[in-house]
Amino acid sequence: MSDNAVSCHSAAPERNLADDNPFLNGLWKQNPVFVQVLGMCPTLAITNSVRNAIAMGLATTFVLTGSNCLISMIRKMVPKQVRIATFIAVIATMVTVVDYLVKAISIPVYKALGAYIPLIVANCIILERAEAYAARKPVFKSTMDGLGMGLSFAFALTCLGTVREVLGAGTFLGFSVFGPKFEPWLLFLLPPGGFISLAIWLLTFATWRERKAKREIAAAKAEAEKMQSVAVHA
Amino acid sequence: MTPTVSMIKVLGTVSLVCGALIVGSNIVTLARIRHNQEFIMRESVTQLLPGLQKQVIYGYNAAGDLTILPSLEGENVKRMFAGYDASGKFLGVVVEASERGYADLISGMYAYLPEKKVVSGFQVVDMRETPGLGSRIGSDPKFAENFQQLDATHPIKAVKHGTKQNPWEIDAISGATISSRAVGRMLQKSVQEMSPIIDKNLDRIKRGN
(Lines give C-alpha, C1' and ligand atoms only; values in the text may rest on other atoms or scores of the structure.)
Protein backbone atom coordinates (compact mmCIF):
# COMPACT_ATOMS: atom_id res chain seq x y z
CA MET A 1 0.00 0.00 0.00
CA SER A 2 2.75 2.36 1.00
CA ASP A 3 4.74 1.40 -2.12
CA ASN A 4 1.70 2.15 -4.23
CA ALA A 5 1.27 5.51 -2.64
CA VAL A 6 4.94 6.34 -3.26
CA SER A 7 4.81 5.33 -6.91
CA CYS A 8 1.57 7.27 -7.51
CA HIS A 9 3.08 10.33 -5.96
CA SER A 10 6.26 10.13 -8.02
CA ALA A 11 4.39 9.47 -11.30
CA ALA A 12 2.08 12.49 -11.00
CA PRO A 13 3.66 15.75 -12.17
CA GLU A 14 4.19 18.26 -9.41
CA ARG A 15 1.26 20.71 -9.49
CA ASN A 16 2.42 24.20 -10.28
CA LEU A 17 0.79 27.14 -8.50
CA ALA A 18 0.35 28.85 -11.88
CA ASP A 19 -1.81 25.98 -13.20
CA ASP A 20 -4.57 26.81 -10.71
CA ASN A 21 -4.12 30.54 -10.70
CA PRO A 22 -5.26 32.20 -13.93
CA PHE A 23 -3.56 35.45 -12.92
CA LEU A 24 -0.12 33.88 -12.47
CA ASN A 25 -0.65 31.67 -15.50
CA GLY A 26 -1.30 34.69 -17.69
CA LEU A 27 1.36 36.79 -16.03
CA TRP A 28 4.27 34.43 -16.46
CA LYS A 29 3.76 30.89 -17.75
CA GLN A 30 1.84 31.89 -20.89
CA ASN A 31 3.43 35.28 -21.51
CA PRO A 32 1.68 36.48 -24.71
CA VAL A 33 4.83 37.96 -26.25
CA PHE A 34 7.74 35.83 -25.02
CA VAL A 35 5.94 32.47 -24.89
CA GLN A 36 2.94 32.65 -27.25
CA VAL A 37 4.52 35.25 -29.62
CA LEU A 38 1.17 37.04 -30.09
CA GLY A 39 0.34 40.72 -30.66
CA MET A 40 3.49 41.41 -32.67
CA CYS A 41 2.14 44.55 -34.40
CA PRO A 42 2.03 46.79 -31.28
CA THR A 43 4.99 44.93 -29.80
CA LEU A 44 7.25 46.03 -32.65
CA ALA A 45 5.63 49.33 -33.56
CA ILE A 46 5.05 51.04 -30.26
CA THR A 47 8.07 50.05 -28.18
CA ASN A 48 10.41 52.81 -29.36
CA SER A 49 10.13 54.38 -25.90
CA VAL A 50 9.39 53.05 -22.41
CA ARG A 51 6.57 55.57 -21.89
CA ASN A 52 4.74 54.44 -25.04
CA ALA A 53 5.29 50.78 -24.12
CA ILE A 54 3.83 51.23 -20.63
CA ALA A 55 0.86 53.24 -21.97
CA MET A 56 0.06 50.66 -24.66
CA GLY A 57 0.50 47.83 -22.13
CA LEU A 58 -1.92 49.43 -19.69
CA ALA A 59 -4.46 50.22 -22.42
CA THR A 60 -4.36 46.58 -23.58
CA THR A 61 -4.65 45.39 -19.96
CA PHE A 62 -7.80 47.48 -19.52
CA VAL A 63 -9.34 46.09 -22.71
CA LEU A 64 -8.35 42.47 -21.90
CA THR A 65 -9.67 42.62 -18.34
CA GLY A 66 -12.91 44.39 -19.30
CA SER A 67 -13.67 42.22 -22.31
CA ASN A 68 -12.85 38.97 -20.47
CA CYS A 69 -15.15 40.01 -17.61
CA LEU A 70 -18.06 41.02 -19.88
CA ILE A 71 -17.72 37.99 -22.17
CA SER A 72 -17.63 35.63 -19.21
CA MET A 73 -20.78 37.26 -17.83
CA ILE A 74 -22.78 36.68 -21.02
CA ARG A 75 -21.15 33.40 -22.10
CA LYS A 76 -24.17 31.20 -21.33
CA MET A 77 -26.61 33.44 -23.18
CA VAL A 78 -24.70 33.78 -26.46
CA PRO A 79 -25.66 31.29 -29.21
CA LYS A 80 -22.58 29.77 -30.81
CA GLN A 81 -23.54 31.11 -34.27
CA VAL A 82 -23.09 34.72 -33.15
CA ARG A 83 -20.28 34.10 -30.69
CA ILE A 84 -17.48 35.85 -32.64
CA ALA A 85 -19.68 38.80 -33.61
CA THR A 86 -20.63 39.30 -29.96
CA PHE A 87 -17.04 39.05 -28.75
CA ILE A 88 -15.82 41.54 -31.34
CA ALA A 89 -18.59 44.00 -30.39
CA VAL A 90 -17.59 43.77 -26.72
CA ILE A 91 -13.87 44.14 -27.50
CA ALA A 92 -14.50 47.10 -29.85
CA THR A 93 -16.54 48.78 -27.12
CA MET A 94 -13.74 48.39 -24.58
CA VAL A 95 -11.23 49.76 -27.11
CA THR A 96 -13.41 52.82 -27.77
CA VAL A 97 -13.72 53.43 -24.03
CA VAL A 98 -9.93 53.19 -23.57
CA ASP A 99 -9.45 55.51 -26.57
CA TYR A 100 -11.56 58.19 -24.84
CA LEU A 101 -9.81 57.59 -21.52
CA VAL A 102 -6.27 57.96 -22.91
CA LYS A 103 -7.31 61.11 -24.77
CA ALA A 104 -8.79 62.49 -21.53
CA ILE A 105 -5.79 61.56 -19.39
CA SER A 106 -2.91 62.66 -21.63
CA ILE A 107 -2.99 64.11 -25.14
CA PRO A 108 0.81 63.64 -25.65
CA VAL A 109 0.50 59.92 -24.85
CA TYR A 110 -2.55 59.68 -27.10
CA LYS A 111 -0.59 61.30 -29.93
CA ALA A 112 2.40 59.03 -29.35
CA LEU A 113 0.25 55.88 -29.52
CA GLY A 114 -1.60 57.23 -32.54
CA ALA A 115 -3.35 54.63 -34.68
CA TYR A 116 -2.31 51.78 -32.39
CA ILE A 117 -5.08 52.37 -29.83
CA PRO A 118 -7.92 51.62 -32.30
CA LEU A 119 -5.83 48.69 -33.55
CA ILE A 120 -6.02 47.02 -30.11
CA VAL A 121 -9.35 45.68 -31.37
CA ALA A 122 -7.43 43.55 -33.86
CA ASN A 123 -4.88 42.34 -31.30
CA CYS A 124 -5.06 38.55 -31.45
CA ILE A 125 -4.31 38.16 -27.72
CA ILE A 126 -7.69 39.64 -26.82
CA LEU A 127 -9.85 37.48 -29.07
CA GLU A 128 -7.73 34.44 -28.20
CA ARG A 129 -8.36 34.91 -24.46
CA ALA A 130 -12.06 35.55 -25.09
CA GLU A 131 -12.39 32.36 -27.10
CA ALA A 132 -10.03 30.12 -25.16
CA TYR A 133 -10.78 31.24 -21.61
CA ALA A 134 -13.52 33.79 -20.94
CA ALA A 135 -16.13 31.92 -23.02
CA ARG A 136 -15.63 28.84 -20.82
CA LYS A 137 -14.75 30.03 -17.33
CA PRO A 138 -16.52 31.95 -14.53
CA VAL A 139 -16.33 35.73 -14.21
CA PHE A 140 -13.68 36.03 -11.48
CA LYS A 141 -11.26 33.59 -13.10
CA SER A 142 -11.74 35.22 -16.51
CA THR A 143 -11.13 38.68 -15.09
CA MET A 144 -7.97 37.49 -13.36
CA ASP A 145 -6.83 35.82 -16.58
CA GLY A 146 -7.33 39.08 -18.50
CA LEU A 147 -5.49 41.06 -15.83
CA GLY A 148 -2.58 38.60 -15.76
CA MET A 149 -2.30 38.43 -19.54
CA GLY A 150 -2.55 42.22 -19.86
CA LEU A 151 0.10 42.92 -17.24
CA SER A 152 2.28 40.25 -18.81
CA PHE A 153 1.90 41.97 -22.18
CA ALA A 154 2.73 45.34 -20.55
CA PHE A 155 5.82 43.76 -18.93
CA ALA A 156 7.01 42.38 -22.29
CA LEU A 157 6.48 45.73 -24.04
CA THR A 158 8.36 47.53 -21.26
CA CYS A 159 11.29 45.08 -21.62
CA LEU A 160 11.49 45.84 -25.32
CA GLY A 161 10.94 49.56 -24.84
CA THR A 162 13.77 49.69 -22.29
CA VAL A 163 16.33 48.14 -24.66
CA ARG A 164 15.23 50.31 -27.57
CA GLU A 165 15.08 53.61 -25.69
CA VAL A 166 18.32 53.08 -23.76
CA LEU A 167 20.31 52.07 -26.85
CA GLY A 168 18.44 54.14 -29.43
CA ALA A 169 18.17 57.42 -27.55
CA GLY A 170 20.48 56.97 -24.55
CA THR A 171 17.60 57.69 -22.16
CA PHE A 172 15.22 55.83 -19.86
CA LEU A 173 11.77 57.41 -19.46
CA GLY A 174 13.31 60.57 -20.91
CA PHE A 175 16.19 60.73 -18.38
CA SER A 176 19.72 60.55 -19.78
CA VAL A 177 21.46 57.24 -18.99
CA PHE A 178 24.90 57.55 -20.59
CA GLY A 179 25.46 61.32 -20.52
CA PRO A 180 25.88 63.81 -23.37
CA LYS A 181 28.84 62.03 -25.03
CA PHE A 182 26.79 58.95 -25.89
CA GLU A 183 26.10 58.54 -29.60
CA PRO A 184 22.62 56.91 -29.83
CA TRP A 185 22.14 53.83 -32.04
CA LEU A 186 19.24 55.18 -34.08
CA LEU A 187 18.72 51.73 -35.55
CA PHE A 188 17.05 50.66 -32.30
CA LEU A 189 14.32 53.30 -32.70
CA LEU A 190 13.55 52.08 -36.22
CA PRO A 191 11.63 48.89 -37.16
CA PRO A 192 14.79 46.74 -37.52
CA GLY A 193 15.68 47.69 -33.94
CA GLY A 194 12.30 46.33 -32.84
CA PHE A 195 13.05 42.97 -34.44
CA ILE A 196 16.58 42.87 -32.99
CA SER A 197 15.33 43.71 -29.46
CA LEU A 198 12.55 41.14 -29.74
CA ALA A 199 15.08 38.51 -30.86
CA ILE A 200 17.33 39.32 -27.88
CA TRP A 201 14.43 38.96 -25.43
CA LEU A 202 13.04 35.79 -27.06
CA LEU A 203 16.50 34.23 -26.92
CA THR A 204 16.91 35.24 -23.27
CA PHE A 205 13.54 33.75 -22.31
CA ALA A 206 14.01 30.60 -24.38
CA THR A 207 17.43 29.98 -22.79
CA TRP A 208 16.04 30.60 -19.31
CA ARG A 209 13.08 28.26 -19.90
CA GLU A 210 15.31 25.56 -21.35
CA ARG A 211 17.67 25.68 -18.38
CA LYS A 212 14.71 25.63 -16.00
CA ALA A 213 13.24 22.59 -17.78
CA LYS A 214 16.62 20.79 -17.63
CA ARG A 215 16.91 21.54 -13.92
CA GLU A 216 13.38 20.20 -13.32
CA ILE A 217 14.09 17.01 -15.30
CA ALA A 218 17.35 16.48 -13.39
CA ALA A 219 15.55 17.06 -10.07
CA ALA A 220 12.76 14.63 -11.05
CA LYS A 221 15.36 12.02 -12.06
CA ALA A 222 17.22 12.44 -8.77
CA GLU A 223 13.92 12.14 -6.88
CA ALA A 224 12.98 8.97 -8.80
CA GLU A 225 16.42 7.42 -8.15
CA LYS A 226 16.11 8.30 -4.48
CA MET A 227 12.68 6.68 -4.27
CA GLN A 228 13.98 3.62 -6.12
CA SER A 229 16.88 3.20 -3.70
CA VAL A 230 14.49 3.64 -0.73
CA ALA A 231 12.21 0.95 -2.22
CA VAL A 232 15.18 -1.42 -2.83
CA HIS A 233 16.44 -0.97 0.72
CA ALA A 234 12.94 -1.53 2.09
CA MET B 1 -37.92 30.59 -28.96
CA THR B 2 -36.45 29.85 -32.39
CA PRO B 3 -32.65 30.10 -32.80
CA THR B 4 -33.04 33.07 -35.17
CA VAL B 5 -35.06 35.08 -32.66
CA SER B 6 -32.61 34.13 -29.93
CA MET B 7 -29.64 35.32 -32.02
CA ILE B 8 -31.33 38.62 -32.88
CA LYS B 9 -32.25 39.12 -29.24
CA VAL B 10 -28.71 38.48 -27.97
CA LEU B 11 -27.05 40.63 -30.65
CA GLY B 12 -29.57 43.42 -30.09
CA THR B 13 -29.04 43.40 -26.33
CA VAL B 14 -25.25 43.30 -26.66
CA SER B 15 -25.32 46.18 -29.18
CA LEU B 16 -27.54 48.21 -26.89
CA VAL B 17 -25.28 47.68 -23.86
CA CYS B 18 -22.15 48.39 -25.94
CA GLY B 19 -23.72 51.53 -27.37
CA ALA B 20 -24.67 52.75 -23.90
CA LEU B 21 -21.11 52.13 -22.66
CA ILE B 22 -19.57 54.04 -25.56
CA VAL B 23 -21.95 57.00 -25.28
CA GLY B 24 -21.53 57.05 -21.49
CA SER B 25 -17.75 57.12 -21.65
CA ASN B 26 -17.89 59.82 -24.33
CA ILE B 27 -20.08 62.00 -22.15
CA VAL B 28 -17.88 61.45 -19.10
CA THR B 29 -14.58 62.24 -20.88
CA LEU B 30 -15.68 64.91 -23.38
CA ALA B 31 -15.12 67.94 -21.15
CA ARG B 32 -11.70 66.71 -20.10
CA ILE B 33 -10.65 65.96 -23.70
CA ARG B 34 -11.70 69.44 -24.85
CA HIS B 35 -9.89 71.00 -21.91
CA ASN B 36 -6.67 69.09 -22.77
CA GLN B 37 -6.82 70.05 -26.45
CA GLU B 38 -7.47 73.68 -25.65
CA PHE B 39 -4.68 73.73 -23.08
CA ILE B 40 -2.12 72.32 -25.53
CA MET B 41 -3.16 74.76 -28.23
CA ARG B 42 -3.04 77.78 -25.93
CA GLU B 43 0.35 76.64 -24.58
CA SER B 44 1.69 76.51 -28.15
CA VAL B 45 0.41 80.02 -28.84
CA THR B 46 2.04 81.31 -25.63
CA GLN B 47 5.37 79.72 -26.57
CA LEU B 48 5.24 81.05 -30.12
CA LEU B 49 4.53 84.65 -29.07
CA PRO B 50 6.80 85.51 -26.10
CA GLY B 51 5.30 88.11 -23.78
CA LEU B 52 1.75 87.14 -24.66
CA GLN B 53 -0.85 88.05 -22.04
CA LYS B 54 -4.09 88.02 -24.03
CA GLN B 55 -5.20 86.16 -27.10
CA VAL B 56 -8.20 86.46 -29.41
CA ILE B 57 -9.30 83.52 -31.55
CA TYR B 58 -10.50 84.40 -35.05
CA GLY B 59 -12.31 82.12 -37.45
CA TYR B 60 -12.01 82.95 -41.13
CA ASN B 61 -13.52 81.90 -44.43
CA ALA B 62 -12.25 81.76 -48.01
CA ALA B 63 -13.49 85.30 -48.69
CA GLY B 64 -11.25 86.56 -45.89
CA ASP B 65 -14.02 87.49 -43.44
CA LEU B 66 -13.08 87.20 -39.77
CA THR B 67 -15.30 86.31 -36.84
CA ILE B 68 -14.29 86.16 -33.19
CA LEU B 69 -14.67 82.65 -31.77
CA PRO B 70 -15.60 82.34 -28.09
CA SER B 71 -13.70 79.03 -27.71
CA LEU B 72 -11.70 76.45 -29.63
CA GLU B 73 -14.69 74.19 -30.21
CA GLY B 74 -15.40 72.94 -33.71
CA GLU B 75 -12.94 70.70 -35.55
CA ASN B 76 -13.44 71.95 -39.09
CA VAL B 77 -13.25 75.66 -38.32
CA LYS B 78 -10.29 77.54 -39.82
CA ARG B 79 -8.69 79.45 -36.96
CA MET B 80 -5.92 81.86 -36.12
CA PHE B 81 -4.86 83.38 -32.85
CA ALA B 82 -3.96 87.05 -32.37
CA GLY B 83 -1.67 87.73 -29.40
CA TYR B 84 -1.29 90.89 -27.29
CA ASP B 85 1.04 91.84 -24.44
CA ALA B 86 0.05 93.22 -21.02
CA SER B 87 -0.44 96.75 -22.38
CA GLY B 88 -2.66 95.43 -25.19
CA LYS B 89 0.01 95.89 -27.87
CA PHE B 90 -0.38 93.55 -30.83
CA LEU B 91 2.42 90.94 -30.94
CA GLY B 92 1.54 88.83 -33.96
CA VAL B 93 -0.70 86.02 -35.11
CA VAL B 94 -0.41 82.26 -34.74
CA VAL B 95 -1.85 80.18 -37.56
CA GLU B 96 -2.64 76.48 -37.78
CA ALA B 97 -1.36 74.64 -40.89
CA SER B 98 -0.85 71.10 -42.11
CA GLU B 99 0.87 69.25 -44.94
CA ARG B 100 1.46 65.67 -46.00
CA GLY B 101 4.78 64.42 -44.59
CA TYR B 102 6.65 61.12 -44.98
CA ALA B 103 4.27 58.96 -42.94
CA ASP B 104 1.11 61.02 -42.56
CA LEU B 105 -0.20 64.54 -42.20
CA ILE B 106 2.05 66.92 -40.24
CA SER B 107 0.05 69.53 -38.32
CA GLY B 108 1.75 72.58 -36.95
CA MET B 109 1.34 76.14 -35.71
CA TYR B 110 3.50 79.08 -36.69
CA ALA B 111 3.81 82.65 -35.50
CA TYR B 112 3.57 85.31 -38.21
CA LEU B 113 4.45 88.97 -37.79
CA PRO B 114 2.37 90.78 -40.44
CA GLU B 115 4.19 94.11 -40.20
CA LYS B 116 7.62 92.57 -40.76
CA LYS B 117 6.27 89.79 -42.99
CA VAL B 118 8.31 87.13 -41.21
CA VAL B 119 7.57 83.79 -39.60
CA SER B 120 8.94 84.05 -36.06
CA GLY B 121 8.35 80.55 -34.73
CA PHE B 122 7.06 77.08 -35.60
CA GLN B 123 5.84 74.12 -33.55
CA VAL B 124 4.65 70.69 -34.58
CA VAL B 125 1.25 69.90 -33.09
CA ASP B 126 0.70 66.41 -34.50
CA MET B 127 2.73 64.05 -36.68
CA ARG B 128 3.45 60.38 -37.35
CA GLU B 129 6.94 60.84 -38.77
CA THR B 130 9.62 58.16 -38.22
CA PRO B 131 10.84 58.33 -34.63
CA GLY B 132 14.47 59.45 -34.48
CA LEU B 133 14.49 60.67 -38.10
CA GLY B 134 11.49 62.64 -39.41
CA SER B 135 10.25 63.27 -35.89
CA ARG B 136 13.25 65.56 -35.35
CA ILE B 137 11.33 68.36 -37.09
CA GLY B 138 9.56 68.73 -33.76
CA SER B 139 12.60 68.53 -31.49
CA ASP B 140 15.80 69.57 -33.31
CA PRO B 141 16.90 72.97 -31.91
CA LYS B 142 19.00 73.73 -35.04
CA PHE B 143 15.93 73.17 -37.21
CA ALA B 144 13.87 75.43 -34.93
CA GLU B 145 16.45 78.22 -35.48
CA ASN B 146 15.26 78.40 -39.12
CA PHE B 147 12.00 79.92 -37.94
CA GLN B 148 13.31 82.73 -35.78
CA GLN B 149 13.17 85.29 -38.61
CA LEU B 150 12.05 83.41 -41.71
CA ASP B 151 11.41 85.86 -44.54
CA ALA B 152 7.89 85.41 -45.92
CA THR B 153 8.19 87.94 -48.75
CA HIS B 154 9.71 85.23 -50.97
CA PRO B 155 8.46 81.66 -51.48
CA ILE B 156 9.52 79.68 -48.41
CA LYS B 157 11.28 76.40 -49.21
CA ALA B 158 13.43 73.80 -47.50
CA VAL B 159 16.89 73.27 -48.97
CA LYS B 160 19.36 70.44 -48.52
CA HIS B 161 21.19 70.48 -45.19
CA GLY B 162 24.09 72.94 -45.18
CA THR B 163 23.10 74.78 -48.38
CA LYS B 164 20.88 77.53 -46.92
CA GLN B 165 21.85 80.91 -48.33
CA ASN B 166 18.74 83.10 -48.15
CA PRO B 167 16.53 84.18 -45.22
CA TRP B 168 13.46 82.56 -46.82
CA GLU B 169 15.11 79.13 -46.99
CA ILE B 170 14.85 76.38 -44.39
CA ASP B 171 17.96 74.31 -43.70
CA ALA B 172 16.60 70.74 -43.87
CA ILE B 173 17.58 68.11 -41.31
CA SER B 174 19.97 65.50 -42.68
CA GLY B 175 18.05 62.19 -42.67
CA ALA B 176 14.69 63.98 -42.47
CA THR B 177 14.66 65.79 -45.81
CA ILE B 178 11.10 64.72 -46.77
CA SER B 179 9.68 65.89 -43.44
CA SER B 180 11.67 69.15 -43.59
CA ARG B 181 10.43 69.83 -47.11
CA ALA B 182 6.86 69.14 -45.96
CA VAL B 183 7.29 71.85 -43.30
CA GLY B 184 8.55 74.23 -46.00
CA ARG B 185 5.55 73.51 -48.23
CA MET B 186 3.17 73.82 -45.27
CA LEU B 187 4.47 77.29 -44.39
CA GLN B 188 4.59 78.50 -47.98
CA LYS B 189 1.00 77.41 -48.73
CA SER B 190 -0.35 78.76 -45.47
CA VAL B 191 1.45 82.11 -45.64
CA GLN B 192 0.28 82.52 -49.24
CA GLU B 193 -3.32 81.89 -48.15
CA MET B 194 -3.21 83.82 -44.89
CA SER B 195 -1.19 86.95 -45.59
CA PRO B 196 -3.89 88.62 -47.80
CA ILE B 197 -6.55 87.84 -45.16
CA ILE B 198 -4.36 89.21 -42.36
CA ASP B 199 -3.38 92.30 -44.37
CA LYS B 200 -7.02 92.98 -45.22
CA ASN B 201 -8.06 92.81 -41.54
CA LEU B 202 -4.84 94.03 -39.90
CA ASP B 203 -6.33 97.12 -38.26
CA ARG B 204 -9.16 95.09 -36.78
CA ILE B 205 -6.79 92.37 -35.57
CA LYS B 206 -4.54 94.98 -33.96
CA ARG B 207 -7.51 96.37 -32.05
CA GLY B 208 -8.57 92.85 -31.08
CA ASN B 209 -12.24 93.19 -31.97
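Residues numbered from 1 in each chain as written. Chains lettered and ligands numbered in written order. Predicted model: local features only at pLDDT ≥ 70, side-chain atom pairs only at ≥ 80, totals over all residues. Heavy atoms only, no water.

Colleague: Describe in detail the overall build of chain A, supporting the description with residues and values.
Modeller: In terms of helices and strands, chain A carries 10 helices and two strands. For chain A, the sequential pattern of α-helices and β-strands runs α-α-α-α-α-α-α-α-α-β-β-α. Expected size for 234 residues packed as a compact globule is a radius of gyration near 17 Å; at 22 Å, chain A overshoots this value by more than 25%. By its C-alpha atoms, chain A is 70 × 60 × 25 Å across when sized along the principal axes. In chain A, which comprises 234 residues, the proportion classed as buried is 41%. Long-range contacts, defined as pairs at least 24 residues apart, comprise 72% of the intrachain contacts of chain A with a sequence gap of at least 6. Counting every atom, chain A has about 12,400 Å² of accessible surface; 68% of that belongs to carbon and sulfur. Between the centroid of the 22 positive side chains of chain A and the centroid of its 14 negative side chains there is a distance of 6 Å. (Helix = DSSP H or I, 4+ residues; strand = E, 2+ residues; numbered from the N terminus. Rg over C-alpha atoms; globule rule 2.2 N^0.38 Å. Buried < 20%, exposed > 50% of the residue type's maximum accessible area, 1.4 Å probe, protein only. Contact = heavy atoms within 4.5 Å. Areas by Shrake-Rupley, 256 points an atom, 1.4 Å probe, with all protein chains shown as cover. Lys, Arg positive; Asp, Glu negative; His and termini not counted. Charge placed at Lys NZ, Arg CZ, Asp CG, Glu CD.)

Colleague: Now, about the interface of chain B and chain A: what can you tell me, with residues and values included?
Modeller: Each partner contributes residues to the interface: chain B has 23 residues there, and chain A has 29 residues. Here chain B packs against chain A, burying approximately 2,100 Å² in sum over the two surfaces, 76% of which is carbon and sulfur. At the boundary of chain B and chain A, one finds zero salt bridges. On the surface where chain B and chain A come into contact, there are four residue pairs in polar contact (both at pLDDT 80 or more). Among the elements that take part in the side of chain B that touches chain A, helix α1 (residues 3-48) of chain B stands out by supplying 16 residues, more than any other. When grouped by side-chain class, the residues that make up the side of chain B that touches chain A number 12 nonpolar, eight polar and three charged. (Buried area = accessible area lost by both parts, 1.4 Å probe. Salt bridge = Lys/Arg side-chain N within 4 Å of Asp/Glu carboxyl O. Polar contact = N/O pair within 3.5 Å; in protein donor to acceptor, adjacent residues only side chain to side chain. Nonpolar A, V, L, I, M, F, W, Y, C, P; charged D, E, K, R; others polar.)

Colleague: Please set out the environment of Leu157 of chain A residue by residue, giving values where relevant.
Modeller: All names here are of chain A. Assignment of secondary structure puts Leu157 in helix α9 (residues 139-169). Residue Leu157 is classed as buried on the basis of its relative accessible area of 0%. Along the backbone, Leu157 and Leu44 are 113 residues apart, and their C-alpha atoms lie at a distance of 8.7 Å.

Colleague: Which residues make up the nonpolar core, and what values do they have?
Modeller: All names here are of chain B. In terms of nonpolar packing, the biggest core is built from 36 residues, with Tyr110, Leu187 and Ile205 touching the most fellow members. Secondary-structure elements contributing two or more residues to this core are β1 (54-60), β3 (79-84), β4 (90-100), β5 (105-113), β6 (118-126), α3 (177-200) and α4 (202-207). It is α3 that provides the largest number of residues to this core, a total of eight residues. Ignoring sequence-local partners within four residues, the contact set of Ile205 consists of Tyr58, Leu66, Met80, Ala82, Tyr84, Phe90, Val93 and Ile198. (Core = buried A, V, L, I, M, F, W, Y, C linked by side-chain atoms within 4.5 Å.)

Colleague: Describe the pairing of β6 of chain B, naming the residues involved and giving the relevant values.
Modeller: Residues and elements named next belong to chain B. Alignment of β5 against β6, held across seven bridges, turns out to be antiparallel. Directly across from Ala111, in β6, lies its bridge partner Gly121. In this structure, the hairpin formed by β5 and β6 is closed by a connection of four residues, where Lys117 is found at a positive phi of approximately 55 degrees. In terms of strand pairing, β6 meets strand β7 (residues 150-151) through two bridges, oriented antiparallel. By the bridge assignment, Val119 is partnered in β7 with Leu150. (Pairing = 2+ DSSP bridges.)

Colleague: Requested: an account of the packing of aromatic side chains, with residues and values cited.
Modeller: Per the stated rule, a full pass over the model turns up eight aromatic pairs over all chains. With 4.5 Å between their ring centres and 40 degrees between their planes, Phe178 of chain A and Phe182 of chain A make a pair best called tilted. Of the residues examined, Phe178 of chain A reaches a relative accessible area of 42% and is grouped as partly exposed. When the ring of Tyr84 of chain B is compared with that of Phe90 of chain B, the centres are 5.9 Å apart and the planes differ by 55 degrees; the resulting orientation is tilted. In this structure, Tyr84 of chain B and Phe90 of chain B share a single accessibility class: buried. These aromatic residues form a ring-pair network of at least three members: Phe34, Trp201, Phe205 and Trp208 of chain A. One cation-aromatic arrangement involves Lys137 of chain A over Tyr133 of chain A; the distance from NZ or CZ to the ring centre is 5.8 Å. (Phe/Tyr/Trp six-rings, centres within 6.5 Å; stacked < 30°, edge-to-face > 60°. Lys NZ or Arg CZ within 6 Å of the ring centre and 35° of its normal.)

Colleague: Now, about the environment of Leu69 of chain B: what can you tell me, with residues and values included?
Modeller: Residue and element names in this part refer to chain B. Residue placement: Leu69 occurs in the loop between β2 (66-68) and β3. Through-space distance from the C-alpha of Leu69 to that of Met80 is 9.8 Å; in sequence the pair is 11 residues apart. In contact with Leu69, not counting residues within four places along its chain, are Ile57, Tyr58, Gly59, Val77 and Arg79.

Colleague: I'd like a rundown of the pairing of β3 of chain B, residues and numbers included.
Modeller: All names here are of chain B. Of all six residues in β3, six are buried, a share of seventy percent or more. Residues Arg79, Phe81 and Gly83 of β3 are buried on one face, and the alternating residues Met80, Ala82 and Tyr84, pointing to the opposite face, are buried as well. Bridge count between β1 and β3: six bridges; the pairing is antiparallel. Opposite Lys54, over in β3, you have Tyr84 as the bridge partner. The turn joining β3 and β4, which pair antiparallel and follow one another in sequence, is formed by five residues; a positive phi near 90 degrees is taken by Gly88.

Colleague: Summarise a nonpolar patch on the surface; cite the residues concerned and give the values.
Modeller: There is a patch of nonpolar side chains on the surface, built from Ile54, Leu58, Leu151, Phe172, Leu173, Phe175, Val177 and Phe178 of chain A and spanning about 710 Å² of accessible area. Within the secondary structure, Val177 of chain A sits in the loop between β2 (175-176) and α10 (191-233). (Patch = residues over 30% accessible without salt bridge, like charges linked within 9 Å, V, L, I, M, F, W, Y side chains within 5 Å.)

Colleague: If you had to explain the side chain of Arg79 of chain B to someone new, which residues and values would you point to?
Modeller: By secondary structure assignment, the location of Arg79 of chain B is in strand β3. Within the structure, the side chain of Arg79 of chain B is placed 3.0 Å from the side chain of Glu96 of chain B, a separation counted as a polar contact.

Colleague: Give a description of the side chain of Thr171 of chain A that names residues and reports values.
Modeller: Residues and elements named next belong to chain A. Within the secondary structure, Thr171 is located in strand β1 (residues 171-172). A polar contact of 2.8 Å, which involves the side chain of Thr171, links it to the side chain of Glu165. Ignoring anything within four residues of it in the chain, the contact list for Thr171 reads Glu165, Val166, Ser176 and Val177.

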